[in-house]
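# Commentary on secondary and tertiary structure
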Amino acid sequence: MNLDYKKFERLCALNGKATSTVAEAAGISKNLPGRWKNGTAKASNASIKKLANYFGVSIDELIIDDCTILNATTNVSNSVVMHANNNEHVSMSTQAASSCEELSEQEAEMLRIFRALDMRQKNTAMTYLYNLEDQSKNYNPN
């Protein structure tokens, strides 16, 4: 995960706080934000999690948008993808992201909603989507 410093700055500004003040309040060295900004240090995953907790946002709202995470939840190099079987149970597998394309407004909204769900709700949504996909493959308008 890579912290998107601009997103971090924006959240600080929205809360009327300096980046160093937020870092210190989140349990991070107050000097780190300056080092993140000038590129002499990289935010650790633990620091990003602390900042997300401080702001009450998801980690996704603080990290750099990377097309390799569009299929997934957390891993940048490999994506955890859920697959439904015939019994409508969802299993997890790991696969590399295959493409990087820009999302439409509708797709971005779906992703925003999906990310707000808990894991059980995500599994239910994925099962529903896989069923729709199966139906569309079998659809014959003639």
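Definitions and cut-offs
Numbering of residues begins from 1 in every chain and follows the order in which that chain's sequence is written. Only residues with pLDDT of 70 or above have their local features reported here, since the model is predicted, and side-chain atom pairs are shown and tallied only from 80 upward, although totals for entire chains, interfaces and linings are computed over all residues. Only heavy atoms go into the side-chain values, all of them from the structure, while hydrogens and water stay out. Counting from the N terminus, the helices are DSSP H or I runs at least four residues long and the strands are E runs at least two residues long. The buried label goes to any residue with under 20% of its type's maximum accessible area, the exposed label to any with over 50%, and the partly exposed label to all in between, with areas taken from a 1.4 Å probe on protein chains only. Between the rings of Phe, Tyr and Trp (Trp by its six-membered ring), a pair exists once the centres lie within 6.5 Å; its type follows the angle of the planes, with under 30 degrees stacked, over 60 edge-to-face, and the other angles tilted. By construction, the arc corresponds to the directions joining the helix axis to the C-beta atoms. Any two residues whose heavy atoms approach within 4.5 Å are treated as being in contact. Residues enter patches when their relative accessible area tops 30% and they take part in no salt bridge; the joining distance is 9 Å for like charges and 5 Å for the nonpolar side chains Val, Leu, Ile, Met, Phe, Trp and Tyr. Here the Shrake-Rupley method, with its probe set to 1.4 Å, supplies the accessible areas, and only the displayed protein chains count as covering residues. The term salt bridge refers to a side-chain nitrogen of Lys or Arg lying within 4 Å of a carboxyl oxygen of Asp or Glu. pLDDT expresses how confident the predictor is about each individual residue, on a scale running from 0 to 100. Residue types Ala, Val, Leu, Ile, Met, Phe, Trp, Tyr and Cys, when buried and joined through side-chain atoms within 4.5 Å, form a set referred to as a nonpolar core.

On to the environment of alanine 46. With respect to the helices, strands and loops of the structure, alanine 46 is situated in helix H4 (residues 45-55). Exposure remark for alanine 46: the relative accessible area of 45% places this residue in the partly exposed category.

Enumeration according to the criterion identifies four aromatic pairs in this entry. A ring pair is formed by tyrosine 5 and phenylalanine 8, whose centres lie 5.6 Å apart and whose planes are at 65°; its orientation type is edge-to-face. With a gap of three residues between them, tyrosine 5 and phenylalanine 8 both fall in helix H1 (residues 5-14), about one helical turn apart. Phenylalanine 8 matches tyrosine 5 in its accessibility class, with the two residues each being buried.

Within H4 the residues assigned to the buried category are Ser47, Ile48, Leu51, Ala52 and Phe55. All buried residues of H4 project into a common sector of 140° when viewed along the axis, lining one side. Looking at the buried positions of H4, the neighbouring elements they touch are H1, helix H2 (19-25) and helix H3 (32-38). Among the residues trailing H4, glycine 56 stands out with phi positive, at a value near 70°.

Looking now at a nonpolar patch on the surface. A surface patch of nonpolar side chains, amounting to about 390 Å² of accessible area, comprises Met110, Tyr128, Leu129 and Leu132. With three residues, helix H6 (residues 119-138) is the single largest residue contributor to the nonpolar patch. For leucine 132, a relative accessible area of 36% corresponds to the partly exposed category.

This part covers the confidence of the model for the chain. Caution applies to low-pLDDT regions: their predicted coordinates should not be interpreted in detail. Residue-level pLDDT values for the chain average 77, and 73% of them are 70 or greater. Low pLDDT, under 50, characterises residues 68-100; the predicted model gives this stretch 66 contacts beyond four residues in sequence or across chains.

Attention shifts here to the environment of serine 20. Structurally, serine 20 can be placed in helix H2. For serine 20, a relative accessible area of 28% gives the class partly exposed. Setting aside residues up to four positions removed in sequence, serine 20 forms contacts with Lys30 and Pro33.

Once that is clear, we can look at the pattern of salt bridges. Overall, the coordinates contain three salt bridges when judged by the stated rule. In this structure, lysine 37 engages glutamate 9 in a salt bridge whose closest nitrogen and oxygen atoms are separated by 3.3 Å. In this pair, lysine 37 is assigned in helix H3 and glutamate 9 in helix H1, connecting sequence segments 28 residues apart.

A few words now on the nonpolar core. Within the largest apolar cluster, 20 residues are counted, with the highest numbers of intra-cluster contacts made by Leu3, Phe8, Ile28, Trp36, Leu51, Phe55 and Leu62. Those elements that place two or more of their residues in this core are H1, H2, H3 and H4. Apart from the residues lying within four places of it in its own chain, the contact partners of phenylalanine 55 are Phe8, Leu11, Cys12, Asn15 and Val22.

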